[in-house]
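Observations on chain architecture
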Amino acid sequence: KPDTYGIATKAVFYNLKVSNSAGYATEAGIIAAVDTAISKKVDIISISLGFDEEDQQSPLNIACDTAVDNGIIVVVSAGNSGPSYNTIFSPASAYKTISVGASNEGIEIADFSSRGPTSDFRSGVDIIAPGVNILSALAHGSTIENALMAIFGFQSGQVEYIYLSGTSMAAPVVSGAIALLKGEFPEARPSELIASILNTANDLGYDSYVQGAGLIDISRAYDYLLEHQSNDGDFKVIGSSIRNDQPLSYFSPVNFPGDQAQITIQYFTGLHELDNLSITGNISRFISQILHLEPTNGLIRQNITISIPY
């Protein structure tokens, strides 16, 4: 019966328990699970939890980025602290994770879905997936089951599935979508799979802090990879998906003469080479430095120092 539910029903799962029955977890426990996943050489890590930690170099963020460096796609729920902006925390705020926000049935962003930017002015949200009233497995002995027993008189084990809402529901949708694409295109690199879902996401009309690339579209992502697959089975994924095209739109770190700040432009590309960043127009006179960081598994990051001259 469980095999009839879910997205990637033929995927092989490693269930690594990090939380107790009340849903509490420690950062050390999650890091240990990530390390175990790396040792198992998994393709995808799906994490539906988070901490109110703004440090971009937190141990958990570093662990997730390390997993990506090992060729693993790490998908993380963006958080349920919306609709306020600047509510993306660890590990969704890690540089190399895929941060997933939630939409409702009406293809609108759920009010609870966290918004960017991160504390270093990256967009914070990469993509959106359905996350409202999602049919989910009910863990026996959990706080949710105990509540059902207390409120509705259910017996333990009587209910197997329940409808839940949250970005914790949206992140597995993206993980499952990537697993499906990996099954159809086993030779595709992680960055090519990521580029396919970002480049084909549907624009919902929100800014990038809210929707990232937009709402995931598995069918379009499949067609995209099929279109860019060469006769020899290799992929020629052209173009790139900007992950934060509005880093100064709402939270300008520079306002007065003498102010200086560093922002990060970050995006995935299937090209596996360093893209040239060109800045034109009057704003170029405010750019004092551009630091190109070497790409890792298709992730390009460029730090830009902005100064307002006296």
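These lines cover the structure that appears in this document, whether it is placed above or below. All values derive from a computational prediction rather than experimental measurement. (Residues numbered from 1 in each chain as written. Predicted model: local features only at pLDDT ≥ 70, side-chain atom pairs only at ≥ 80, totals over all residues. Heavy atoms only, no water.)

1. So, unusual backbone geometry
Quick reminder of the rule: The way it works is that DSSP assigns letters per residue, a run of H or I at least four long becomes a helix, a run of E at least two long becomes a strand, and they are numbered from the N terminus. Under the scheme applied here, a residue whose accessible area is under 20% of the maximum for its type counts as buried, over 50% as exposed, and between as partly exposed, the area being computed with a 1.4 Å probe on protein chains only.
Cis rather than trans, the peptide bond between Ser90 and Pro91 has omega equal to 0°. Here Pro91 lies in the loop between strand E2 (73–77) and strand E3 (98–103). Of the consecutive residues Gly116 and Pro117, the connecting peptide bond is found in the cis state with omega at 0°. Locating Pro117 in the fold gives a position in the loop between E3 and strand E4 (127–130). Positioned with a positive phi, Lys41 is a non-glycine residue whose angle comes to about 55°. You can call Lys41 exposed: its relative accessible area is 71%. Positioned with a positive phi, Asn133 is a non-glycine residue whose angle comes to about 55°. Of note, Asn133 is situated in the loop between E4 and strand E5 (134–137).

2. So, the side chain of Thr97
Keep this limit in mind: Two N or O atoms count as a polar contact when they lie within 3.5 Å, although within protein this holds only if one can serve as hydrogen donor and the other as acceptor, and sequence-adjacent residues are included solely when both atoms are side-chain atoms.
Along the polypeptide, Thr97 turns up in the loop between E2 and E3. Residue classification places Thr97 among the buried residues on the basis of a relative accessible area of 0%. Reaching out from Thr97, the side chain makes a polar contact with the backbone oxygen of Ala94 at a distance of 3.4 Å.

3. Structural notes on a nonpolar patch on the surface
We apply this condition: Only residues above 30% relative accessible area that lack a salt bridge enter a patch, with like-charged residues linked at up to 9 Å and the nonpolar side chains Val, Leu, Ile, Met, Phe, Trp and Tyr linked at up to 5 Å. Here the accessible surface of atoms and residues is derived via Shrake-Rupley with a 1.4 Å probe, and residues count as covered only by protein chains that are part of the display. In the sections that follow, a salt bridge refers to a side-chain nitrogen of Lys or Arg positioned within 4 Å of a carboxyl oxygen of Asp or Glu.
On the surface, a nonpolar cluster with roughly 330 Å² of combined accessible area is contributed by Val12, Tyr14 and Leu16. Looking at the secondary structure, you find Tyr14 in the segment before helix H1 (27–39). A relative accessible area of 47% means that Tyr14 is categorised as partly exposed.

Function cannot be inferred from these measures alone, as they are strictly geometric.
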